[in-house]
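Observations on the model geometry
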Amino acid sequence: MTATRTQVAIIGAGPAGLLLSHLLHLSGIDSVVLELHSRRHVEERIRAGVLEQGTVELLLNSGVGGRLRREGLVHDGIELRFGGRAHRIDLKALIGRSITIYGQHEVVKDLIAARLAADGEVQFESANVSVHDFDTATPRVRFHQDGAQRELVCDFIAGCDGFHGICRPSIPAGALTVYEKDYPFGWLGILAESPPPSGELIYAHHQRGFALYSMRTPQMSRLYLQCAPDQDPARWPDELIWNELHTRLGSGGQALREGPVLQKSVTGMRSFVVEPMQCGRLFLAGDAAHIVPPTGAKGLNLAVADVRVLARALTAFYGSGSADLLDRYSAVCLKRVWRAQRFSWWMTSLLHRFPEEGPLRQRLQLAELDSIASSRVAATALAENYAGLPFED
């Protein structure tokens, strides 16, 4: 077995793991990123694309936002459609902040390029990864690469390997408390060669179910329909998808333009949190520790917030020997996580059709949407949470 050493071993080359490695590099801290899949695979995974202003500022200030600045689509508001009407939530006017549309896979590309340009170590196609001895001062990570078994000795392990990764299940039984809820619906998502009919995202409440209009570029649209969580995408031919989108989104004075559907998938919806987000010298970040329903656009932004806290804590440890910030990592992160969970749950409950509930639930939803449209206080609360709360240390 070939053994090497680093200061921080990072499991997972998604945005959380790569950004953590980049931030540590800026502080002079060595890390190695281990990723199960190929570079091409992680760079082509289509995921969320709504970046809070704090996320954008962190990427820009850390030197990986050049392409984001040039190509990101800045939105100063979002649109709610319900009951045959449209209402714009003016984020800029209400709270002075904006969101930016820039695909998660584009963030990943930028971070990989930055790490490789700095001679950072990102080892793709690392198989059979396992974590050991994280209850000691010298944790170890074992993995296979190029047909050989290898061992990485480190000071800390960052589990950034997602909901289905190996880090969280490696923590002893009973050490974590799990909170979770599965929703009785999913999202059918498509990527279409279709110019946007609107310059901002559209969230639609409809008696047939929720719909969302988003975009990735000025020529590419990303659209979603509420559906059964186990729905086979093959049961949704393109014509049916477009018909349903026209029905649920309505026109709002702007026609939805159809185009070739390039990708089609169904994603279930879940709320999930584990407490604490650390065990010994193993720290969980991003989807490894929490999942939010996508209605609130919080998943990627929470991952960024987690690794910002962890990078600052590790920098303090190596700079002064103080473990205070490391000890408080879970408490700091979970405060934000639970507020994001509440907002994502609220947005999901507000906009989706719940199959087990009838007309009363729909009328209550419409009443609350009307309240948001007619109350600056209610609209401001939505805007504050949607555009992102300030970072806390």
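Residues numbered from 1 in each chain as written. Predicted model: local features only at pLDDT ≥ 70, side-chain atom pairs only at ≥ 80, totals over all residues. Heavy atoms only, no water.

Along its length, the protein carries 13 helices and 21 strands. Taken over C-alpha atoms, the radius of gyration comes to 21 Å for the protein, in line with the 21 Å a tight globule of 393 residues would show. Expressed along its principal axes, the backbone C-alpha trace of the protein runs to roughly 65 × 40 × 40 Å. Within the protein, buried positions represent 55% of all 393 residues. (Helix = DSSP H or I, 4+ residues; strand = E, 2+ residues; numbered from the N terminus. Rg over C-alpha atoms; globule rule 2.2 N^0.38 Å. Buried < 20%, exposed > 50% of the residue type's maximum accessible area, 1.4 Å probe, protein only.)

What follows covers the side chain of Thr295. As for its placement among the helices and strands, Thr295 is situated in the loop between β21 (290–291) and α9 (299–320). At a separation of 2.8 Å, a polar atom in the side chain of Thr295 contacts the side chain of Thr348. Ignoring any residue separated from it by four or fewer positions in sequence, one finds Thr295 in contact with Trp187, Tyr203, Phe210, Met269, Ser344, Met347, Thr348, Leu351 and His352. (Polar contact = N/O pair within 3.5 Å; in protein donor to acceptor, adjacent residues only side chain to side chain. Contact = heavy atoms within 4.5 Å.)

We now examine the layout of surface pockets. Considered as a void within the structure, the second largest pocket measures approximately 240 Å³ in volume. Lining the second largest pocket are 16 residues, with Phe82, Gly83, Gly84, His205 and His206 sitting closest to its centre. Among the elements of the structure, β6 (77–82), β7 (85–90), α8 (238–249) and α12 (359–374) are those that each provide at least two residues to the lining of the second largest pocket. Looking at the lining of the second largest pocket, the element that brings in the most residues is α8, giving three residues. Along the lines of polarity and charge, the residues of the lining of the second largest pocket split into four nonpolar, nine polar and three charged. (1 Å grid on protein atoms, 1.4 Å probe; cavity = no way out; pocket = protein on both sides within 12 Å on 5 of 7 lines; lining within 4 Å. Points joined across faces, edges and corners; volume = space filled by probe spheres on them. Nonpolar A, V, L, I, M, F, W, Y, C, P; charged D, E, K, R; others polar.)

With that settled, consider the sheet that holds strand β12 (residues 148–153). Strands sit in the order β1-β12-β11-β10 across an open sheet of four strands; the sheet is mixed. Each end of this open sheet is capped by a strand with a single partner; those strands are β1 (2–5) and β10 (127–132). Direction aside, the axes of adjacent strands within the sheet are offset by 20° on average. (Pairing = 2+ DSSP bridges. Axes fitted to C-alpha atoms, helices over the stretch in contact; angles between N-to-C directions.)

To continue, consider the nonpolar core. Counting 74 residues, the largest nonpolar core has Leu20 and Val141 as the members making the most contacts within it. At ten residues, the largest contribution of residues to this core is made by α9. Ignoring anything within four residues of it in the chain, the contact list for Leu20 reads Ile10, Ala158, Cys160, Val307, Leu310 and Ala311. Counting residues in each nonpolar core, the second largest holds 53 residues, with Leu94, Ile202, Leu256 and Ala297 among its members. (Core = buried A, V, L, I, M, F, W, Y, C linked by side-chain atoms within 4.5 Å.)

We now examine the pairing of β12. By the bridge criterion, four bridges tie β1 to β12 in an arrangement that is parallel. Paired with Thr4 across the bridge in β12 is Leu152. Examined bridge by bridge, strand β11 (residues 140–145) and β12 share six bridges and lie antiparallel to one another. Across the sheet, Arg140 pairs through a bridge with Val153, a residue of β12. Where β11 folds back onto β12 in an antiparallel hairpin, the turn is made up of two residues, including Asp146, whose phi is positive at roughly 55°.

So, about the packing of helix α11 (residues 329–351) against α12. Viewed as axis vectors pointing N to C, α11 and α12 meet at an angle of 115°, and their least axial separation amounts to 8 Å. Residues Trp346, Ser349, Leu350 and Leu351 of α11 form the contact with α12, whose participating residues are Arg361, Gln365, Glu368, Leu369 and Ile372. Tallied by class, residues from the contact of α11 with α12 come to five nonpolar, two polar and two charged.

To continue, consider empty space enclosed by the protein. Scanning the entire structure with this criterion turns up three cavities of 30 Å³ or more. By volume, the largest cavity amounts to about 80 Å³. Taken together, Glu52, Lys298, Asn301, Leu302, Arg336, Arg339, Ala340, Asn385, Gly388 and Leu389 make up the lining of the largest cavity. Secondary structure elements with two or more residues in the lining of the largest cavity: α9 and α11. Looking at the lining of the largest cavity, the element that brings in the most residues is α11, giving three residues. Here the lining of the largest cavity is built from residues that sort into three nonpolar, three polar and four charged.

The strands that make up a sheet are held in pairs by hydrogen bonds between backbone atoms, and each pair lies either parallel or antiparallel. Within the open sheet, the six strands sit side by side as β9-β3-β2-β13-β20-β19. Their pairing is mixed. The open sheet has two edge strands, β9 (121–123) and β19 (278–279), and neither has a second partner. Where β19 and strand β20 (residues 282–284) come together, two bridges link them in antiparallel fashion. Paired with Cys279 across the two strands is Leu282, which belongs to β20.

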